Structure formats: structure tokens, C-alpha cells
Amino acid sequence: MQEITIDGILDEPIWQKSLVTKELFDEHGLYKNTAVYITYDEDNLYAGFVCKVNSIANLNQKSLVKDNELMLENDWIAFCVDTYNDGINAFAFLADASGNALDGSLNPPTRDLTFSFSSDWVSAVALNQEAYTVEMKIPLEKLPVQWDKDSVTMTLQIIRHDRQNNRLLQWPNAKDIREFHPIVLTGIHKTHPLNLSGVNLEDRLRYKKSKIDRTTLLGRCRGGDASVMDYLLFRKRDINGVANPAKFTYSVQPEKVKEMFENTSYYQNLKTDSDFETILERSQTTAFIVLQNDTVLYENYFNGYTKDSIFTSFSVAKSFVSTLIGMAISDGYIGSVTDTITEYIPELVEKDIRFSRITISDLLSMSAGIAYSGEGFPSDDDITYVSPDLRKATFDNVRIEAAPGMHWHYNNYHPLLLGLILERATGMSVAAYMEDRLWKRMGGQAASWSLDEAGFEKMESGINCTVYDYARFAMLFLNQGKYQGDQVIPENWIPMATQPIQRPEGFYDPLLETNTYYNYLWWGKFRDGAKNNNDFFAMGNKGEYVYICPQKRLIFIRLGFEYGFTPGSTSWPDMFYEFATEFKE
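Residues numbered from 1 in each chain as written. Predicted model: local features only at pLDDT ≥ 70, side-chain atom pairs only at ≥ 80, totals over all residues. Heavy atoms only, no water.

(A) Representation of the packing of helix α7 (residues 316-330) against helix α13 (residues 430-439) in the model. Relative orientation of the contacting elements α7 and α13 amounts to 75°, with a least axis distance of 11 Å. Between α7 and α13, the angle is such that the two are roughly perpendicular. Contact residues: Phe320, Leu324, Met327 and Ala328 in α7; Val430, Tyr433, Met434, Arg437, Leu438 and Trp439 in α13. Taken together, the residues that form the contact of α7 with α13 break down as nine nonpolar, no polar and one charged. (Axes fitted to C-alpha atoms, helices over the stretch in contact; angles between N-to-C directions. Helix = DSSP H or I, 4+ residues; strand = E, 2+ residues; numbered from the N terminus. Parallel < 35°, antiparallel > 145°, perpendicular 65-115°, else oblique. Contact = heavy atoms within 4.5 Å. Nonpolar A, V, L, I, M, F, W, Y, C, P; charged D, E, K, R; others polar.)

What follows is the structure, encoded as C-alpha cells:
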């Protein structure tokens with residue numbers, strides 16, 4: 001095949017022989033302002049696009065660093081390909097009219113896009129009088145495929161955001177990855193992916209290290225979306241473990257566990273021919289453990305991780321923060337959950353007198369009436385995740401939007417304020433308090449908590465430990481807070497934190513629609529007739545789950561570098577819930 005120069009011009013003759021479609025669709029019908037060209041050689045996939053626009057002059061021309069999600073506000077085109085042809089995961093490569101690039105993975109069933117995936121592909125954009133044109137070159141070498149003798153079948157979809165006409169278009173016109181358009185590749189070289197997810201975390205870490213500047217908010221955002229490698233980029237405070245960590249017994253039943261998951265309705269709805277462990281690896285899972293009491297029924301690791309790996313928590317940390325508040329009350333450092341937050345952070349009154357109406361319980365319930373937005377830059381998500389001084393960022397940006405206690409509004413200012421209360425009340429860092437009062441007493445191994453540049457724990461995320469420490473934490477909640485006869489967590493705190501309570505009408509209706517509730521920084525799922533015995537779970541941004549079913553004495557831990565399935569609050573938890581419902585010893 002003639003060599004293609006990636007310059008965005010599409011002037012090589014091969015492009016004219018590679019037209020796939022000129023017809024994209026949305027809910028309003030057919031759209032003919034985009035031409036799509038697809039070809040390949042032994043080592044690469046190539047995609048070309050001609051994207052007509054109303055006005056070239058009105059296109060956004062701002063350059064952004066690679067993988068900056070702000071480009072999604074521009075006019076862009078995406079080439080999406082399920083290289084493994086199993087409907088579980090599709091890689092997405094996006095370029096906008098300014099030449100900005102972003103990549104990620106599309107996860108079933110809602111086809112949500114998670115960032116970032118690869119730094120190997122390249123793209124280029126050119127402008128003419130009526131269109132912007134795009135060329136992409138995507139190396140096949142590291143992509144997972146399934147061989148059928150000497151050929152490989154992939155499926156693809158094209159998505160275009162036509163900002164000027166406010167249309168999001170696609171071809172083929174389908175949201176299900178299983179309904180993407182098939183293409184058959186022959187004569188390509190064998191690929192050598194590191195894993196079936198196609199993601200090279202070491203490559204992504206090198207890329208992020210080359211981009212970030214830890215001293216500024218903007219610099220800390222460079223290098224793409226939040227990732228499981230961030231604990232290697234930022235400061236941390238060590239949490240010392242014990243010489244003889246708590247151990248588990250083993251009665252492994254891998255075939256039973258795999259069969260039960262494959263029989264869940266969520267798994268069946270995927271309509272995939274792949275077995276459960278293939279799905280775990282394809283869905284970007286790193287660790288998966290099922291326990292009953294302290295006995296491991298299933299344990300496996302994927303995508304380069306092992307039992308000795310460190311796994312960062314993301315928002316699973318919030319459930320630890322909740323636990324520390326309960327312990328600080330028991331230890332006498334905090335009066336009760338009905339204390340107002342201004343008793344510990346009095347300077348908030350100077351900012352807005354309404355802060356004096358907010359209680360610790362309101363913070364724990366995500367119902368303090370605090371405003372929060374994920375839009376724009378810096379968004380509240382950016383401010384609360386990567387600010388180099390989180391204490392100052394919290395005081396500068398936290399603001400009231402409603403009365404406390406009336407509506408659930410998930411946001412990261414709540415755990416940051418709780419962190420301020422903990423360090424002021426105890427007189428020590430949050431990590432030091434956790435090491436002394438929780439970690440060592442539960443038999444934990446060496447761990448750490450990620451910090452900002454000012455030495456404050458991230459609070460909403462950033463606990464870094466082995467998978468076994470997540471299991472040890474969960475076991476405390478199964479055992480009414482006890483470990484080896486020591487009442488580590490106050491027994492009355494466990495139902496108070498994890499079980500539903502009466503809430504005002506409309507408090508969290510969207511959650512109730514999925515049989516889900518939220519209490520003191522724990523998620524939960526209702527079980528009929530189960531007073532103080534409903535399932536509950538901690539959940540993190542990239543698909544970290546510590547799920548506990550008290551009725552069946554089961555613990556599920558799924559860790560990963562992306563959710564794999566979306567939406568996060570109903571995907572894996574639905575499978576865990578159904579598994580527990582059907583589980584019999």
C-alpha cells in the first residue's frame with residue numbers, strides 16, 4: 001500500500017478508494033456533511049474524515065494539551081473501534097477542528113467515554129474553504145485482537161460533534177458496541193498487546209510525568225484525566241502497617257464463582273461469548289476478590305497487577321473518612337454528628353453565616369447545601385482533586401446554594417471539610433490518626449495517603465494500599481467493628497453510617513430508582529425486609545468497589561483503572577447484589 005503522510009490533507013490516491021460512508025445520523029435523521037474513509041496496512045489503521053461546516057471562521061482554534069477534555073466543547077470527530085470484537089470495550093480516538101487530540105475507551109452499556117488510553121497514535125487536521133479534514137494513524141501492534149486463521153474482525157463506529165448545528169451524529173446509528181460496523185483485516189502483522197485491555201499503564205505514567213507541574217492547579221491537570229497512577233506523581237504520607245498483618249483463609253471455588261457471575265442478568269445482557277475472566281481483563285479490571293467471612297472464594301489479578309501491587313482508592317477513601325469521624329467521636333475528639341461544622345472551622349462564618357447551620361451529619365450525608373459544578377475550567381472537580389493547596393482551595397471556593405439536610409448533592413467539598421475537622425479536632429494529620437486508631441488495629445500492611453503540596457491529605461481519594469487492606473477494612477464492618485476481640489470501630493457507628501434513614505421527600509429520588517441509597521459516605525442497596533442489614537459499598541471513580549452483603553456474609557472487591565461497565569453506581573453493584581441473592585453455601 002502507498003505510504004500515507006499524516007498531514008490532514010487526504011491527498012494520497014488510496015483515500016479515494018477507501019470511502020466508507022457519507023451518511024451519519026442522529027435523532028433528527030440523515031446528515032450528509034461528513035465523509036468517512038478507512039484503510040489499513042500491515043501495521044496500522046488509518047481513518048480520514050472530511051467534516052463540512054457552516055463557517056470555517058467560526059471554528060474554535062484554541063490549542064490544548066493532549067487529552068484535555070475541554071476539546072469536547074469544540075467541533076470534533078471520533079473513530080471508535082472494538083478491536084477484539086466482543087462488544088465489551090471500544091477504543092475511541094478523537095480530533096477536533098483545531099488539531100487537538102484525545103483518546104479513551106467506550107464502556108457498555110451506555111457507551112460512556114473514559115480517558116485516556118494511548119499515546120502512540122497520531123492525527124493531523126487541515127482546513128479548506130468549507131471543511132476541516134482529519135487523518136489518523138493508529139498502530140495495531142499493542143491492540144488486542146482475536147484471530148480467525150489469517151484474518152481479524154473488528155467493529156467500528158464514527159461519531160461527530162457538529163457544534164455549529166448542535167448535533168451529535170453517528171454511523172452506524174447504534175449505541176450498542178455490538179452493533180458497530182464490522183470490518184475484516186487480512187495480511188496484518190501479529191499484534192503483541194500486554195493485556196486484553198490494550199492499555200499500557202507504564203506508557204501512560206511516563207507521558208503524565210513528562211507533562212505535569214505539581215506546583216500549580218493547571219500544571220497538575222496536564223497529562224490527561226485522573227488515573228490510578230496519580231499516587232506515583234504526587235506527594236504522599238506513609239501509613240505504617242503491622243509486623244504480622246491479618247491473614248485470610250482460603251477455600252477457593254473459582255468455577256462456582258465464575259459460573260454465578262456469568263448467570264447474572266447484567267452479564268447475560270452483555271450478550272458476549274467471552275468467559276468471565278476474559279471480561280474482567282477486557283473491562284480494565286486489576287484485582288477481583290470474593291470472600292465469605294475471612295475466607296477467600298475467588299482471587300485473581302489482571303492487566304499486569306499482582307497481589308503485591310498498590311491500588312489507589314479514589315472515592316473509596318470517603319468511606320474511610322466516614323469511619324474516622326465515627327472513631328473520633330468515640331475517642332472524644334468530636335462531640336457528635338449534630339455538631340455544627342463552624343464549631344471546628346469558625347472562619348467559615350465570616351465567609352457566609354449560613355455555614356453555621358451545617359452539621360457534621362450533613363457533610364457525611366452529602367446534603368450540606370454546598371454548590372458544586374463539574375463544568376468549565378477549573379471546575380469544582382479540578383479544584384478539589386488537584387489543587388496544590390486543598391485547604392486554601394476549599395476556603396476560597398466552597399459556597400452555599402441551598403439549606404442543609406434537604407437534598408443529596410454528591411461533591412468533594414464535603415470530605416475536604418471533614419478532613420479539616422479531623423486534623424483540627426485530633427491535633428494530628430488525618431493519615432497519622434488513621435494509622436494509629438484504624439490501620440494498625442485492623443492488621444493492615446504498609447500503605448500511604450496522597451497529599452497536596454501543602455501536606456494535606458486529599459480526603460476525597462488517595463488511599464494507596466494492597467487489595468488485602470480493602471478486604472480487612474470490609475471485614476471490620478462484617479464483624480461489628482471488631483478484630484481479634486478489639487472494638488476497632490464503634491459498633492453503633494456501623495449501622496448509623498451504612499444503613500438508610502428517613503429522608504425528606506425528594507432527597508435522592510434518582511438513586512431510589514435504581515434501588516440505591518446513600519448515607520454517611522457509603523452507598524447502599526436495599527434488601528426487602530432487611531432492617532440494618534442492607535447491602536452497602538464504597539465506590540471509587542475508576543471502578544473501585546468494596547461491596548459488603550451482611551445477610552450472606554459476603555465481600556466483593558473489584559479494582560480497576562476504569563469502570564469497564566457504566567454507569568458505575570449500577571453496573572458492578574448490580575452484579576454483586578444478584579450474585580449475593582443467589583449465593584448458597
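(B) Seen up close, the nonpolar core. Core analysis: the largest hydrophobic core is formed by 136 residues, its most contacted members being Phe261, Phe288, Leu438 and Trp449. Ranked by residues supplied to this core, first place goes to helix α14 (residues 467-478) with ten residues. Setting aside its immediate chain neighbours within four residues, phenylalanine 261 contacts Tyr267, Phe276, Phe288, Val290, Phe556, Met575, Phe576 and Phe579. The next biggest cluster of nonpolar side chains, apart from the first, holds 35 residues, and it includes Val81, Leu143, Ile183 and Ile188. (Core = buried A, V, L, I, M, F, W, Y, C linked by side-chain atoms within 4.5 Å. Buried < 20%, exposed > 50% of the residue type's maximum accessible area, 1.4 Å probe, protein only.)

(C) Structural context of helix α12 (residues 413-426). Along its 14 residues, α12 runs 20 Å from first to last C-alpha, staying within 8% of the 20 Å computed at 1.5 Å per residue. Looking one or two places after α12, you find glycine 427, whose phi comes out positive at around 75°. (Expected span 1.5 Å × (residues − 1).)

(D) Spatial organisation of the pattern of salt bridges. In total, this model carries 27 salt bridges according to the counting rule given. Between aspartate 203 and arginine 206 there is a salt bridge, and its shortest N-O distance comes to 3.9 Å. Of the two residues, aspartate 203 and arginine 206 both sit in helix α2 (residues 201-211), three residues apart, roughly one turn of that helix. Residue classification places aspartate 203 among the buried positions, given a relative accessible area of 13%. Given a relative accessible area of 51%, arginine 206 falls into the exposed group. Put simply, lysine 458 and glutamate 460 hold a salt bridge, and the shortest N to O gap is 3.5 Å. An identical accessibility class is assigned to lysine 458 and glutamate 460; each is buried. Ionic contacts of the salt-bridge type, sharing partners, join the residues Asp82, Asp86 and Arg282 into one network. (Salt bridge = Lys/Arg side-chain N within 4 Å of Asp/Glu carboxyl O.)

(E) Here's a closer look at the packing of aromatic side chains. Taken as a whole and assessed by the stated rule, the structure comprises 44 aromatic pairs. Geometrically, the ring pair formed by phenylalanine 565 and tryptophan 572 is tilted, given 5.1 Å between the ring centres and 45° between the ring planes. A relative accessible area of 1% places phenylalanine 565 in the buried class. Using a relative accessible area of 0% as the deciding quantity, one classes tryptophan 572 as buried. The ring of phenylalanine 234 is capped by arginine 220, whose NZ or CZ atom sits 4.3 Å from the centre of that ring. Sitting over the ring of tyrosine 577, arginine 527 keeps its end group 3.9 Å from the ring centre. (Phe/Tyr/Trp six-rings, centres within 6.5 Å; stacked < 30°, edge-to-face > 60°. Lys NZ or Arg CZ within 6 Å of the ring centre and 35° of its normal.)

(F) Region of interest: the side chain of serine 365. Examined against the element boundaries, serine 365 turns out to sit in the loop between α9 (360-364) and α10 (380-386). Using a relative accessible area of 1% as the deciding quantity, one classes serine 365 as buried. Aside from chain neighbours lying at most four places away, what touches serine 365 is Trp408, Arg503, Phe507, Tyr518, Asn519 and Tyr520.

(G) Quick peek at the sheet that holds strand β22 (residues 463-465). The strand order across the open sheet built from four strands is β16-β21-β22-β20, with neighbouring strands paired in antiparallel fashion. Of all strands in the sheet, those with a lone pairing partner are β16 (236-239) and β20 (311-312), marking the two edges. In the packing of α13 onto the sheet, the strands contacted are β16, β21 (447-450) and β22, and the crossing angle to β16 comes to about 15°. (Pairing = 2+ DSSP bridges.)

(H) Highlighting the sheet that holds strand β5 (residues 44-52). In spatial order, the strands read β1-β4-β5-β11-β10; together these five strands make up an open sheet with antiparallel pairing. The sheet is open, and its two edges are formed by β1 (19-21) and β10 (122-127), each paired on a single side. Neighbour-to-neighbour, the strand axes of this sheet turn through a mean angle of 20°, independent of strand direction. In this structure, strand β4 (residues 34-40) lies alongside β5, joined through seven bridges in antiparallel fashion. Pairing of alanine 35 across the sheet is with valine 50, part of β5.

(I) Up close: the pairing of strand β27 (residues 535-540). Of all six residues making up β27, six are buried, and the element is well covered by its neighbours. Summarising the sheet, strand β26 (residues 523-525) and β27 pair through three bridges and their orientation is antiparallel. What sits directly across from tryptophan 523, in β27, is phenylalanine 537. As defined by bridge partners, β27 adjoins strand β28 (residues 544-549) across five bridges and the pair is classed as antiparallel. Residue methionine 539 lies in a different strand from β28, and its bridge partner there is tyrosine 545. Remark: three residues form the turn of the hairpin made by β27 and β28, two consecutive strands paired antiparallel; glycine 543 in that turn has positive phi of roughly 90°.

What is shown is where atoms sit, not what they do.
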